[in-house]
Amino acid sequence: SQWGEENLQALSIQEGEDVTMNCSYKTYTTVVQWYRQKSGKGPAQLILIRSNEREKRSGRLRATLDTSSQSSSLSITGTLATDTAVYFCATGNSAGNKLTFGIGTRVLVRP
Amino acid sequence: DTTVKQNPRYKLARVGKPVNLICSQTMNHDTMYWYQKKPNQAPKLLLFYYDKILNREADTFEKFQSSRPNNSFCSLYIGSAGLEYSAMYLCASSRGLGGRGTLYFGAGTRLSVL
């Protein structure tokens, strides 16, 4: 598979805490994307980070990319109960026509 | 407010019967995708249309068919449903090719095969 992890990770945290989730990928990509899927909804993109970027921020979100180790992380600071969701990382193939998703990290933020 | 819509939201099918799922988008996107999502698994790309050209993944080539009668609509067709087809089916669209840009997803159709 594209991604190193095989099992769905699940995290349970208290509202206000920070959380970081990680992904590792196996094949070269020029782009890593992070998506969030809330219950009853489709995935929605949070951040797109390109291979020439090491870090990207959007509000309370921060994504990092380390192309040498082929890994990416997504951090959320000051979590809210509404951040409860499954978070997916995804990479594009070399042709740029497909996006392959990881298995995801389930985050439960307790109010 | 989603601009990718999927119908129906829930679908019950019998083993051996055909299934047709519908997706529409209002963003005039070039590309439309279908993913299959099973519990505790990654979304799996089944196929995509870039304009009028259909691309099916090698490992699901025989199992799924699709049509795109116009830019806005795309269907996913299963000729003979099996129990293993029970899953959430997610439709997405993108401007240009999605590997380098944003995919916009619908809320999905949950298919249960009995």
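Our subject is the structure that appears above.
Residues numbered from 1 in each chain as written. Chains lettered and ligands numbered in written order. Predicted model: local features only at pLDDT ≥ 70, side-chain atom pairs only at ≥ 80, totals over all residues. Heavy atoms only, no water.

**Topic: the overall build of chain B**
Move 1: Scanning chain B from terminus to terminus reveals zero helices and eleven strands.
Move 2: In sequence order, chain B lays out its α and β elements as β-β-β-β-β-β-β-β-β-β-β.
Move 3: Here chain B has a C-alpha radius of gyration of 13 Å; the compact-globule value for 114 residues is 13 Å, and the two agree.
Move 4: By principal-axis analysis of the C-alpha atoms, chain B measures approximately 35 × 30 × 30 Å.
Move 5: Scored against the burial criterion, the 114 residues of chain B give a buried share of 47%.
Move 6: Expressed as a percentage of contacts within chain B between residues at least 6 apart in sequence, the contacts between residues at least 24 apart total 57%. (Helix = DSSP H or I, 4+ residues; strand = E, 2+ residues; numbered from the N terminus. Rg over C-alpha atoms; globule rule 2.2 N^0.38 Å. Buried < 20%, exposed > 50% of the residue type's maximum accessible area, 1.4 Å probe, protein only. Contact = heavy atoms within 4.5 Å.)

**Remarks on the packing of aromatic side chains**
Move 1: Overall, the coordinates contain ten aromatic pairs over all chains when judged by the stated rule.
Move 2: Pairing phenylalanine 101 of chain A with phenylalanine 105 of chain B gives two aromatic rings, centres 5.9 Å apart and planes at 75°, and the pair type is edge-to-face. Here the residue phenylalanine 101 of chain A occupies a position in strand β9 (residues 99-101), and phenylalanine 105 of chain B occupies one in strand β10 (residues 104-105), the pair thus bridging two chains.
Move 3: Taking the relative accessible area as the measure of exposure, phenylalanine 105 of chain B reaches 8% and is therefore buried.
Move 4: One aromatic cluster in this structure is built from Tyr35, Phe88 and Phe101 of chain A together with Tyr33, Tyr35, Phe48 and Phe105 of chain B. (Phe/Tyr/Trp six-rings, centres within 6.5 Å; stacked < 30°, edge-to-face > 60°.)

**A few points about the state of the cysteines**
Move 1: A full pass over the atoms with the stated rule returns two disulfides over all chains.
Move 2: The partner cysteine of cysteine 23 of chain A in its disulfide is cysteine 89 of chain A, sulfur to sulfur 1.7 Å. The sign of the S-S torsion, about -80°, decides the handedness of the disulfide formed by cysteine 23 of chain A and cysteine 89 of chain A: left-handed. You can see cysteine 23 of chain A sitting in strand β2 (residues 19-24) and its partner cysteine 89 of chain A sitting in strand β8 (residues 85-92), a full 66 residues away along the chain.
Move 3: A relative accessible area of 6% means that cysteine 23 of chain A is categorised as buried.
Move 4: No disulfide involves cysteine 74 of chain B; its sulfur sits 6.0 Å from the nearest other cysteine sulfur, which is in cysteine 91 of chain B. (Disulfide = S-S within 2.5 Å.)

**A closer look at the nonpolar core**
Move 1: In terms of nonpolar packing, the biggest core is built from 21 residues, with Trp34, Phe64, Leu76, Ile78, Tyr89 and Leu111 of chain B touching the most fellow members.
Move 2: Contributions of two or more residues to this core are made by β3 (19-25), β4 (31-37), β5 (44-50), β8 (73-78), β9 (87-94) and β11 (109-113) of chain B.
Move 3: Other than its neighbours up to four places away in sequence, leucine 76 of chain B contacts Val19, Asn20, Leu21, Trp34, Leu46, Leu47, Phe64, Gln65 and Tyr89 of chain B.
Move 4: Formed by 20 residues, the second largest nonpolar core is a distinct cluster that contains Ile13, Val19, Tyr25 and Leu61 of chain A. (Core = buried A, V, L, I, M, F, W, Y, C linked by side-chain atoms within 4.5 Å.)

**Regarding the pairing of strand β6 (residues 53-56) of chain B**
Consecutive side chains of a regular strand alternate in pointing toward one face of the sheet and then the other.
Residue and element names in this part refer to chain B.
Move 1: One ladder, built from four bridges, connects β5 with β6; its direction is antiparallel. In the strand pairing of β6, leucine 47 is matched with arginine 56.
Move 2: Joining the antiparallel neighbours β5 and β6 is a turn of two residues, in which aspartate 51 adopts a positive phi near 60°. (Pairing = 2+ DSSP bridges.)

**Focus: the interface of chain A and chain B**
Think of interface size as the accessible area that goes away when the parts come together; that is how it is often given.
Move 1: Taken together, the contacts link 25 residues of chain A with 22 residues of chain B.
Move 2: Counting the surface lost from both chain A and chain B, the interface buries some 1800 Å², and carbon and sulfur atoms represent 55% of this.
Move 3: The interface formed by chain A and chain B holds one salt bridge in total.
Move 4: For lysine 98 of chain A, the salt bridge is made with glutamate 57 of chain B, and the minimal N-O distance between the two is 2.7 Å.
Move 5: On the surface where chain A and chain B come into contact, there are seven residue pairs in polar contact (both at pLDDT 80 or more).
Move 6: Of all the secondary-structure elements, those providing two or more residues to the side of chain A that touches chain B are β3 (31-37), β4 (44-50), β8 and β9 of chain A.
Move 7: With four residues, β3 of chain A is the single largest residue contributor to the side of chain A that touches chain B.
Move 8: Of the residues assigned to the side of chain A that touches chain B, the class counts are ten nonpolar, eleven polar and four charged. (Buried area = accessible area lost by both parts, 1.4 Å probe. Salt bridge = Lys/Arg side-chain N within 4 Å of Asp/Glu carboxyl O. Polar contact = N/O pair within 3.5 Å; in protein donor to acceptor, adjacent residues only side chain to side chain. Nonpolar A, V, L, I, M, F, W, Y, C, P; charged D, E, K, R; others polar.)

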